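These are the residues of each chain, in order.
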Number of protein chains: 2
Amino acid sequence: MEFSTLRAKGRVYLDHNATAPLAQSVAARVPEWLEQWGNPSSIHQSGRGPKAVLRETRNRMAQMIGAGAPLELIFTSGGTEANNLALKGVFEKARMNERRRILVSSVEHPSVRRTAEYLESRGAEIAIIPVLRSGRIDLDAYERLLDENVALVSVMLANNETGNIFPVKKLAELAHSKGALFHADCVQALGKIPVNLRDLGVDLATFSGHKFYGLKGVGVLYVRRGVNLESLIHGGAQERHRLGGTENTWDIASLGEMCGFQGQIDSRAEELKRLRDHLETRALAEISGVSITGGESERLPNTSSLVIPGVDGETLLMNLDMRGFSVSTGAACSSGSPEPSPVLLAMGLARAEAQTSLRVGLGWENTQAEIDLFVDELILIVERIRSFERPVLGEANV
Amino acid sequence: MEFSTLRAKGRVYLDHNATAPLAQSVAARVPEWLEQWGNPSSIHQSGRGPKAVLRETRNRMAQMIGAGAPLELIFTSGGTEANNLALKGVFEKARMNERRRILVSSVEHPSVRRTAEYLESRGAEIAIIPVLRSGRIDLDAYERLLDENVALVSVMLANNETGNIFPVKKLAELAHSKGALFHADCVQALGKIPVNLRDLGVDLATFSGHKFYGLKGVGVLYVRRGVNLESLIHGGAQERHRLGGTENTWDIASLGEMCGFQGQIDSRAEELKRLRDHLETRALAEISGVSITGGESERLPNTSSLVIPGVDGETLLMNLDMRGFSVSTGAACSSGSPEPSPVLLAMGLARAEAQTSLRVGLGWENTQAEIDLFVDELILIVERIRSFERPVLGEANV
């Protein structure tokens, strides 16, 4: 299947971890989905088309991620809601059997981190599994923290800022050995690497449509059959009472459409890795002092988190933006905040290092020519910023 | 502005309280909105268009519903999520100041009713304000239930099954006199009658896009400035930390588009009332035993809840469906459930009456010719069903 997106002409988009441009094939089918405006819960004619869309998407998505059965998938309004449902839904049920502990890694997305903080205020005991500067999770610390009081462990499959991939299969096995449930936020991984829940052996997993070229407004929480979950949004009987509200058929349909690209993920990943490595090789060689955060550990093929000493990340971002390149300094959800990335600080970077960090997230449409244009521009801008910030004193007398 | 929808040719859609067919003018603008696929939180170029869409919709919607300021509006994934946010968000904060009581009417939508039940399991004290068979809320009972322990009162502006309109302005004044907050679910009212929050004087109010010819996947919770609300979905800084998650730009934009039809609401309401009254006049005159639930009280102009003795509602619905008419037996969210409508039972109808109820919800595109076709068909089907259920013994010997 051909692949292209609605990305703007004349710009180079390198922020696919924030959101992906919409696939043309999704945009092309939207008018057809809009015809299915009925309420999927209606039992008359207008409900049947929408209901079929939900069923088909659930089947395709279950097949793509290797779920045991389509009904193990709950459609949510996005990854954030799915992460909230996982943590709150499990904790609400677990506290009845006295397990009050939740373990999360130090580099989770805010939708896991802040939900854990909230649950702490409601009686949960939260413990943080450290992630080392190398990008590896601290397995010894994890094993020390795991005990019979742990209800749930939540560790992402791949980090949104560094791209680091965590050994979820092994972490889940260890959790299960203590009777704890395991949740993996797979939002950043979907579409960038193959994800198979049968291999990973997790109990809950989160996915999002818009990071994989689909429409915004749709996510999925996989909940293994038998896991006891309190509802997050109480209301109608939708999603078997675990998330009420009329389903947004077209957003959901877009996820089903993207399942058609599953067969391309492997080869796309190879090409992404080649481009990303090319970018890093040039940046390391041609810009002094650059380092790659988490670069020595397993990573998503598309992500690069660069520390460029002496160059404020936000200034760099704005200069690149003016020249037609979209990148970011960290998670988009934290954009606009003056604070440096909590993920990078948690990994042990100094504030100054985190503040001079740039995140590049490549996508399926990027080309080597674009990457070269980007690095050329990056070199020029870094030189200019560095020359302002560290004026050559000799010239002041000219 | 011209108005038309994507409704199917050759069918008569009379279930607008379940969902409205999508407006053509919304469908026509979707491709343009899809171009705004960026993440509104991104600070580079691709985030600016989406951010502008959110800002513009917030402004238009605030103007339409008479909010004090656009930032009093929180975009949600729909009415159900907004109702959950209202009740849970207020209760979480209120329990710190010892007010543990929540009053809700007996005819609220499941997203209020079931959320209240959930909060009861978490320490809230729930009391139910009765709604009488006439469609009026029991004001005496309300005043007896109101005291200084009440944190929140939640009564809908208009009921989704009978269309009955409740005196929210007065109910809110009484709540305020005891220091309680007031929430009104305005989902069914929006677009059917003018809604002005300045007049109503409520603290929180819920709206939904798809009941007003917009896209599914978007709702609004109005929260008066100064009301203290715990977040429902923890995550990024979206919606000022009260509801995390990347915003679904196009669904939100559709709500803004529909604000352009505000000027038509008054005259459309008059025409709807004329058609609805015509339908009821004929049904009452031409089908024996029919009664209108809540018909003697103030109602939305488009809604009719008919009791047709001796005719099972679901059988009737399916027969009408086969003949090209979409109606329902109650809330779409409860469809498929064998139980009769909890709303009708709460109003004092017997099970047999609730089971023989039919809900008709008219919309802006229905015509008198359609209504007449519908009543003609209704008469024939009712006659047929009644003849099966009460066979004429004399004919058995022919």
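Residues numbered from 1 in each chain as written. Chains lettered and ligands numbered in written order. Predicted model: local features only at pLDDT ≥ 70, side-chain atom pairs only at ≥ 80, totals over all residues. Heavy atoms only, no water.

**Q** With reference to specific residues and values, describe the sheet that holds strand β12 (residues 357–361) of chain A.
**A** All names here are of chain A. What the 3 strands build is an open sheet, ordered β9-β10-β12; its pairing is antiparallel. Taken across any chain shown, the strands that pair with only one partner, and hence form the sheet edges, are β9 (291–292) and β12. As defined by bridge partners, strand β10 (residues 303–307) adjoins β12 across 5 bridges and the pair is classed as antiparallel. Considered in β12, the bridge of Thr303 is made with Gly361. Here helix α9 (residues 265–286) sits on the sheet and contacts β9, β10 and β12; the angle it forms with β10, its principal contact strand, is near 10°. (Pairing = 2+ DSSP bridges. Helix = DSSP H or I, 4+ residues; strand = E, 2+ residues; numbered from the N terminus. Contact = heavy atoms within 4.5 Å. Axes fitted to C-alpha atoms, helices over the stretch in contact; angles between N-to-C directions.)

**Q** Explain the relation of the copies chain B and chain A to me, using residue names and the numbers behind them.
**A** Each copy of the sequence occupies a distinct position, and chain B is placed on chain A by a rotation of 180° and an axial shift of 0.0 Å, giving an RMSD of 0.0 Å. With respect to symmetry, the two chain copies, as superposed, fit the operation of a two-fold axis. In this assembly, 100% of the residues forming the interface of chain B have copies in chain A that are likewise at the interface, indicating an isologous arrangement. (Least-squares fit on C-alpha atoms with pLDDT ≥ 70 in both.)

**Q** Quick one: what's the story with the interface of chain B and chain A, residue by residue and with numbers?
**A** Counting from both sides, the interface comprises 68 residues of chain B and, opposite them, 68 residues of chain A. Carbon and sulfur atoms supply 59% of the area that chain B and chain A bury against each other, a total of about 5,300 Å² over both sides. The tally of links between chain B and chain A comes to 4 salt bridges. Between Asp321 of chain A and Arg48 of chain B there is a salt bridge whose closest N-O contact spans 2.3 Å. Where chain B packs against chain A, one counts 28 residue pairs in polar contact (both at pLDDT 80 or more). When contributions to the side of chain B that touches chain A are tallied by element, the ones reaching two or more residues are α1 (24–34), α2 (45–65), α3 (79–94), α4 (110–121), α8 (249–259) and α10 (313–322) of chain B. (Buried area = accessible area lost by both parts, 1.4 Å probe. Salt bridge = Lys/Arg side-chain N within 4 Å of Asp/Glu carboxyl O. Polar contact = N/O pair within 3.5 Å; in protein donor to acceptor, adjacent residues only side chain to side chain.)

**Q** Any details on the packing of helix α1 (residues 24–34) of chain A against α1 of chain B? Residues and values, ideally.
**A** Between α1 of chain A and α1 of chain B, the least distance of the axes is 11 Å, while the angle of their chain directions is 150°. In terms of orientation, α1 of chain A and α1 of chain B fall into the roughly antiparallel class. Crossing of α1 of chain A over α1 of chain B shows right-handed handedness. For the pair α1 of chain A and α1 of chain B, the contacting residues are Ala27, Val30 and Leu34 of chain A in the first and Ala27, Val30 and Leu34 of chain B in the second. Counted by class, the contact of α1 of chain A with α1 of chain B contains 6 nonpolar, no polar and no charged residues. (Parallel < 35°, antiparallel > 145°, perpendicular 65-115°, else oblique. Left-handed = near helix turned anticlockwise from the far one by under 90°. Nonpolar A, V, L, I, M, F, W, Y, C, P; charged D, E, K, R; others polar.)

**Q** Tell me about the pattern of salt bridges, residues and numbers included.
**A** Residue and element names in this part refer to chain A. Within the structure shown, the criterion is met by 46 salt bridges over all chains. Residues Arg101 and Asp147 are paired through a salt bridge, measuring 3.3 Å at the closest nitrogen-oxygen approach. On the criterion of sequence distance, the pair formed by Arg101 in strand β3 (residues 101–105) and Asp147 in the loop between α5 (139–145) and β5 (150–154) is long-range, its members being 46 residues apart. For Glu286, the salt bridge is made with Arg282, and the minimal N-O distance between the two is 2.8 Å. A residue pair is termed a helical-turn pair when its members lie 3 or 4 positions apart in one helix, as Glu286 and Arg282 do in helix α9 at 4 residues. By relative accessible area, which is 15% here, Arg282 ends up buried. (Buried < 20%, exposed > 50% of the residue type's maximum accessible area, 1.4 Å probe, protein only.)

**Q** Just give me the short version of the packing of aromatic side chains, but keep the residues and values in it.
**A** All chains considered together, the criterion is met by 18 aromatic pairs over all chains. Aromatic side chains Tyr13 of chain A and Trp37 of chain B sit 4.8 Å apart centroid to centroid with 90° between the ring planes, which places their arrangement in the edge-to-face category. Here Trp37 of chain B lies in the loop between α1 and α2 and Tyr13 of chain A lies in strand β1 (residues 12–13), a pairing that spans two chains. Residue class for Tyr13 of chain A comes out buried when judged on its relative accessible area of 4%. (Phe/Tyr/Trp six-rings, centres within 6.5 Å; stacked < 30°, edge-to-face > 60°.)

**Q** Just give me the short version of the pairing of β3 of chain A, but keep the residues and values in it.
**A** All names here are of chain A. For β3, the tally of buried residues reaches 5 of 5 residues, placing the bulk of the element in the interior. The side-chain alternation of β3 yields two buried faces, one formed by Arg101, Leu103 and Ser105 and the other by Ile102 and Val104. This β-α-β element, β3 to helix α4 (residues 110–121) to strand β4 (residues 125–129), shows right-handed connectivity. Where β3 lies against β5, 4 bridges are found, and the strand directions are parallel. Residue pairing in the sheet places Ile102 in a bridge with Leu152 of β5. (Right-handed = clockwise from strand over helix to strand, strands pointing away.)

**Q** So what about the domain arrangement of chain A? Which residues, and what values?
**A** Often, the extent of an interface is quoted as the loss of accessible area upon association of its parts. Residue and element names in this part refer to chain A. Its domain assignment divides chain A into domain 1 (12–21 + 264–387) and domain 2 (24–262). In this structure, domain 1 and domain 2 have C-alpha centres spaced 27 Å apart. Domain 1 puts 37 residues into the contact, and the matching count from domain 2 is 33 residues. Carbon and sulfur atoms make up 54% of the surface buried where domain 1 meets domain 2, a total of about 3,100 Å² over both sides. Counting every contact that joins domain 1 to domain 2 gives 1 salt bridge. A salt bridge links Arg133 to Glu353; the shortest N-O distance between them is 2.7 Å. For the pair domain 1 and domain 2, the number of links is 20 residue pairs in polar contact (both at pLDDT 80 or more). At the level of secondary structure, the elements contributing two or more residues to the side of domain 1 that touches domain 2 comprise α9, β10 and α11 (342–346). The dominant element in the side of domain 1 that touches domain 2, judged by the number of residues it contributes, is α11, at 4 residues. Grouping the constituent residues of the side of domain 1 that touches domain 2 by class yields 16 nonpolar, 15 polar and 6 charged. (Domains from an automatic or database assignment.)

**Q** Could you give an account of the nonpolar core, naming the residues involved and the relevant values?
**A** By size, the foremost hydrophobic cluster in this structure holds 212 residues, and its most contacted members are Phe182, Phe207 and Phe374 of chain A together with Phe182, Phe207 and Phe374 of chain B. Beyond its immediate stretch of four places on either side in the chain, Phe207 of chain A contacts Met61, Ile65, Gly79, Cys186, Val187, Leu190, Val195, Leu197, Gly219, Val220 and Tyr222 of chain A. In terms of nonpolar packing, the next biggest core, distinct from the first, is built from 51 residues, Leu87 and Val112 of chain A together with Leu85 and Leu87 of chain B among them. (Core = buried A, V, L, I, M, F, W, Y, C linked by side-chain atoms within 4.5 Å.)

**Q** Mind laying out the sheet that holds strand β6 (residues 181–185) of chain A, listing which residues take part and the relevant values?
**A** Adjacent strands of a sheet form backbone hydrogen bonds with each other and so pair up, either parallel or antiparallel. Residue and element names in this part refer to chain A. Reading across from one edge, β2-β8-β7-β6-β5-β3-β4 is the order of the 7 strands in this open sheet, with mixed pairing throughout. Each edge of the open sheet carries a strand with a single partner, namely β2 (73–76) and β4. Across the sheet, the mean angle from the axis of one strand to that of its neighbour is 20°, orientation sign disregarded.

**Q** Explain the packing of α2 of chain B against α8 of chain B to me, using residue names and the numbers behind them.
**A** Residues and elements named next belong to chain B. Put simply, α2 and α8 touch, their axes get as near as 8 Å, and they point 35° apart. Regarding α2 and α8, the two cross each other, and that crossing is left-handed. Residues Pro50, Val53, Leu54, Thr57, Arg60, Met61 and Met64 of α2 lie in contact with α8, whose contacting residues are Thr249, Ile252, Ala253, Leu255, Gly256, Glu257 and Cys259. By residue class, the composition of the contact of α2 with α8 is 9 nonpolar, 3 polar and 2 charged.

**Q** Before we move on, could you go through the pairing of β6 of chain A and cite the residues and values that matter?
**A** Residue and element names in this part refer to chain A. By the criterion of burial, β6 is predominantly enclosed, with 5 of the 5 residues buried. Alternating positions in β6 separate into two faces, Leu181, His183 and Asp185 on one and Phe182 and Ala184 on the other, with burial throughout. Direction of pairing for β5 relative to β6: parallel, over a ladder of 3 bridges. Following the sheet pairing, Leu152 is matched in β6 by Leu181. Read as a crossover between parallel neighbours, the route from β5 over helix α6 (residues 168–177) to β6 is right-handed.

**Q** Could you give me a rundown of unusual backbone geometry, with the residues and numbers involved?
**A** One non-glycine residue with positive phi stands out, namely Arg240 of chain A, at about 50°. With respect to the element layout, Arg240 of chain A can be found in the loop between β8 (219–223) and α8 (249–259). Residue classification places Arg240 of chain A among the exposed positions, given a relative accessible area of 53%. In this structure, Glu239 of chain B takes a positive phi of about 50° despite not being glycine. The exposure class assigned to Glu239 of chain B is buried, which follows from its relative accessible area of 8%.

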